[in-house]
Amino acid sequence: MRRSPVFLITVLCFGFAFFYIPILSMMVYSFNGSRLATVWGGFSTKWYVSLLSNKQVIAAALLSFKIAVVSATFATILGTMAGFALSRFRKFRGRTLFSGLVTAPLIMPEVITGISMLMFFILTANWIGWPGARGFSTITLAHITFSMVFVTTIVQARLGQADRAIEEAAMDLGSRPWQVLWDVTLPTAFTAILSGWLLAFTISLDDVVITSFTTGPGSTTLPLLIWSKVKLGVTPDINALATITVVVVGIGVALAGWVMHRAEKRRLADERMAFSSND
Amino acid sequence: MSVSRPFSIARWFHRRGWSDLIIGLPYGWLLLLFLLPFLIVLAMSVGSQAPTAPPVGFGGEYPWINPRGYQRLFTDDLYIRSFLISLMNAGLATLLCLGLGYPMALGLTRVAKSWRNILLMLVILPFWTSFLLRVYAWMGLMGKSSWFNQLLTDGWNLLVPVDWAVKSIPMMHSNFAVVLVMVYTYLPFMILPLYSSLERLDPTLDEAAMDLGSRPFRVFLDVTLPQSVPGIIAGGLLVFIPAAGELVIPTLVGDASTPMIGRVIADEFNSARDWPMASAVAVALLVLMVGPTMLYSRYQARAEEGPGK
């Protein structure tokens, strides 16, 4: 039998402490009464009050949310198309370039993506007068571009594993191709598409670097607001904001994990039933 | 069954022309909004700085191809130094991630199944929270008056002779801080590929080696470690590649006098308004990334195939 891995468990504990102590410390200090962000001055919820009554913060959060929903939705549509194309269409003209184009943004340093987008927008504004002002539209276009490839990667991997015999069986049984796509292929990839959307949403909500290059006057997203505050040093209301974020994300991830786990289980059960009723 | 396979869904889509739309839309999007902007950077890198808007001149009084940006890369101390600092910081962060992430990933494969999913979730969870806020969390901890810094200071003062005693440990705005925060933010990228390659190892191999009289550590060196090389390389590059081009971390916790390359690019572009120079540095960074990236895609494919191939 295996020996009890004392060393490994110790490192594991240390690792999780390393992961969570900074976050917990930040959460504790969000209830700090003192003005100095790092010195304890009694329990208080005043930073939450000041945060939630700050119109700038609310506006930035709403803008970030809007951009994230729109860009994640478009990124999911485009990314799923690309993933479907790469996993189902074996040969087409320019396939090599295409598969290069869906991997390159994954490894391109964000600074470079950022300046290339900004140069592009400035030059097109010079040549064809668009975009007149940078803001919501330019940020959203940039976010769609770099998050769609994450969706593609996930969907392509899922469709690559999927049993294509089921699609063929449906066709043999007389389903029209659109029906097969709608009833077999897309449900198979449903969890992948959903996690793709969630990933695209989170990436967009979180992005600082590319947003900072593609934004214009008056369009401040939440990360940009945090960025400009944090560059000046530690401020206590950011602790409160971080706490809210961590709690919301924690609940969201747990919920999404649960939903996907259930959907996946149901899909596997359906497949198994379909196969066993054949015997 | 599959005598003639009369229809494949792909063939139908081809015949009806739908495939053109399904391929064309994302393809066109990426050509227009990813490849074209990148080609612009490539063109700008041989442009000349000009007092116009946009601040670049081509043709006319300026040369069509101006190698000034690339020349300065090799002659100006700033660029060589910041490239070296980037490589060093990213390399150090990668090694530390490996040192901490490997035992963690191995430990995850050894805990009870029921715990494993929860622990894996806990590894991924910080990744879903804001990157910026995770950097910020360390800014709070490293500050001079924070409890963490004071705890380390007290420990230091206890261990060293009295005249070495300090009031606080200067952690912020140093390369140490940059590496530490990079390890913190990129550690999940190391743990996850390592975990998935270690999880697939056949435990009976370990047992066989043990039965044949190997000591546990030798079993690790001779059996486990060689089989996890693809995972190590995949995880290492997943940390190294983004770390080398990092902008946020060096700007917030780094030392402005020893900037990393990402910060140099942003400064050349924003403050100096020197598009050609920023582009030349960007192209050089990409050229440096090509090697590791090719390596990554090779080992990634191998890591997915599973161990021992």
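Analysis parameters
Each residue is numbered by its place in its chain's sequence as written, counting from 1. Both sets of labels track the order of writing: A upward for chains, 1 upward for ligands. Local features are withheld for residues below a pLDDT of 70 in this predicted model, meaning they are given only at 70 or higher, and side-chain atom pairs are given and counted only at 80 or more; totals for whole chains, interfaces and linings count all residues. Side-chain metrics rest on all non-hydrogen atoms present in the structure, leaving aside hydrogens and water. Under the DSSP-based scheme used, a helix requires at least four consecutive residues in state H or I and a strand at least two consecutive residues in state E, with every element numbered from the N terminus. Polar contact criterion, stated in full: a pair of N or O atoms within 3.5 Å, where within protein one must be able to donate a hydrogen and the other to accept it, and residues adjacent in sequence count only if both atoms are side-chain atoms. Working definition: with a 1.4 Å probe on protein chains only, accessible area under 20% of the residue-type maximum means buried, over 50% means exposed, and in between means partly exposed. Take a side-chain nitrogen of Lys or Arg and a carboxyl oxygen of Asp or Glu: if they are within 4 Å of each other, that pair is a salt bridge. Any pair of Phe, Tyr and Trp rings, taking the six-membered ring for Trp, is counted once the centres come within 6.5 Å. Such a pair is stacked with planes under 30 degrees apart, edge-to-face with planes over 60 apart, and tilted for the rest. Every axis in this analysis is a line fitted to C-alpha atoms, fitted for helices over the stretch in contact. Angles between the N-to-C directions lie between 0 and 180 degrees. Reported orientations rely on four angle classes, namely roughly parallel under 35 degrees, roughly antiparallel over 145, roughly perpendicular from 65 to 115, and oblique for the rest. Two residues form a contact once any of their heavy atoms are found within 4.5 Å. For this scheme, ten residues count as nonpolar: Ala, Val, Leu, Ile, Met, Phe, Trp, Tyr, Cys and Pro. Four count as charged, namely Asp, Glu, Lys and Arg, and the remainder, Gly too, count as polar. A quick way to say it: buried area is the sum, across both parts, of accessible area lost when two parts are put together, with a 1.4 Å probe.

## Focus: the side chain of Ser130(B)
Now for step 1: With respect to the secondary-structure elements, Ser130(B) resides in the loop between α5 (113-128) and α6 (131-142).
Now for step 2: Within polar-contact distance, the side chain of Ser130(B) engages the backbone nitrogen of Leu132(B) at 3.2 Å.

## Regarding the environment of Gly235(B)
Now for step 1: Structurally, Gly235(B) can be placed in helix α11 (residues 229-244).
Now for step 2: With relative accessibility at 0%, the residue Gly235(B) sits in the buried group.

## Quick word on unusual backbone geometry
Now for step 1: With an omega of -5°, the peptide bond running from Trp130(A) to Pro131(A) counts as cis.
Now for step 2: Along the chain, Pro131(A) falls in the loop between α5 (110-128) and α6 (136-161).
Now for step 3: Even without being a glycine, His173(B) presents a positive backbone phi close to 55°.
Now for step 4: With respect to the secondary-structure elements, His173(B) resides in the loop between α7 (147-159) and α8 (175-199).
Now for step 5: Positive phi, close to 50°, is recorded for Arg273(B), a residue that is not glycine.
Now for step 6: Its place among the elements puts Arg273(B) in the loop between α13 (261-270) and α14 (275-305).
Now for step 7: Given a relative accessible area of 43%, Arg273(B) falls into the partly exposed group.

## Concerning the pattern of salt bridges
Residue and element names in this part refer to chain B.
Now for step 1: The full count for this structure, using the stated rule, is seven salt bridges over all chains.
Now for step 2: Here Arg 68 ties to Asp 274 by a salt bridge, and the two come within 3.1 Å at their closest N and O atoms. Taken together, the positions of Arg 68 in helix α3 (residues 68-75) and Asp 274 in the loop between α13 and α14 put the pair 206 residues apart, joining distant regions of the chain.
Now for step 3: Judged by relative accessible area, Arg 68 falls into the partly exposed class, the value being 25%.
Now for step 4: Taking the shortest distance from any N to any O, the salt bridge between Arg 72 and Asp 76 comes out at 3.9 Å.
Now for step 5: Accessibility expressed as a relative area gives 24% for Arg 72, which makes it partly exposed.
Now for step 6: Residue classification places Asp 76 among the partly exposed positions, given a relative accessible area of 26%.
Now for step 7: Linked through salt bridges whose partners overlap, the residues forming this network are Arg 68, Arg 72, Asp 76 and Asp 274.

## A closer look at the packing of aromatic side chains
Now for step 1: Under the definition given, this model contains 27 aromatic pairs over all chains.
Now for step 2: By the ring-pair criterion, three or more aromatic residues cluster together here, those being Phe16(A), Phe18(A), Phe19(A), Tyr20(A), Trp138(B), Trp147(B), Phe148(B) and Tyr184(B).

## Some details on the packing of helix α1 (residues 6-29) of chain A against α6(B)
Two quantities define a packed helix pair, namely the angle between the axes and the distance from one axis to the other.
Now for step 1: Running from N to C, α1(A) and α6(B) point in directions that differ by 75°, and their axes come no closer than 9 Å. Looking at the two axes, α1(A) sits roughly perpendicular to α6(B). Listed contacts from α6(B) to Phe18(A), Pro22(A), Ser25(A) and Met26(A) of α1(A) are Leu133(B), Tyr136(B), Ala137(B), Trp138(B) and Leu141(B).
Now for step 2: Residues belonging to the contact of α1(A) with α6(B) are distributed by class as follows: eight nonpolar, one polar and no charged.

## Digging into the interface of chain B and chain A
Now for step 1: The partner chain A presents 91 residues to the 91 residues of chain B that form the contact.
Now for step 2: Of the roughly 8500 Å² buried where chain B meets chain A, counting both sides, 84% is carbon and sulfur surface.
Now for step 3: In terms of surface lost to chain A, no three residues of chain B exceed Phe34(B), Trp128(B) and Tyr136(B), which account for 10% of the buried area on that side.
Now for step 4: The tally of links from chain B across to chain A stands at zero salt bridges.
Now for step 5: Viewed at the interface, chain A and chain B are joined by eight residue pairs in polar contact (both at pLDDT 80 or more).
Now for step 6: Residue contributions to the side of chain B that touches chain A peak at 21 residues, all from helix α2 (residues 18-44) of chain B.
Now for step 7: The residue makeup of the side of chain B that touches chain A, split by class, is 74 nonpolar, 15 polar and two charged.

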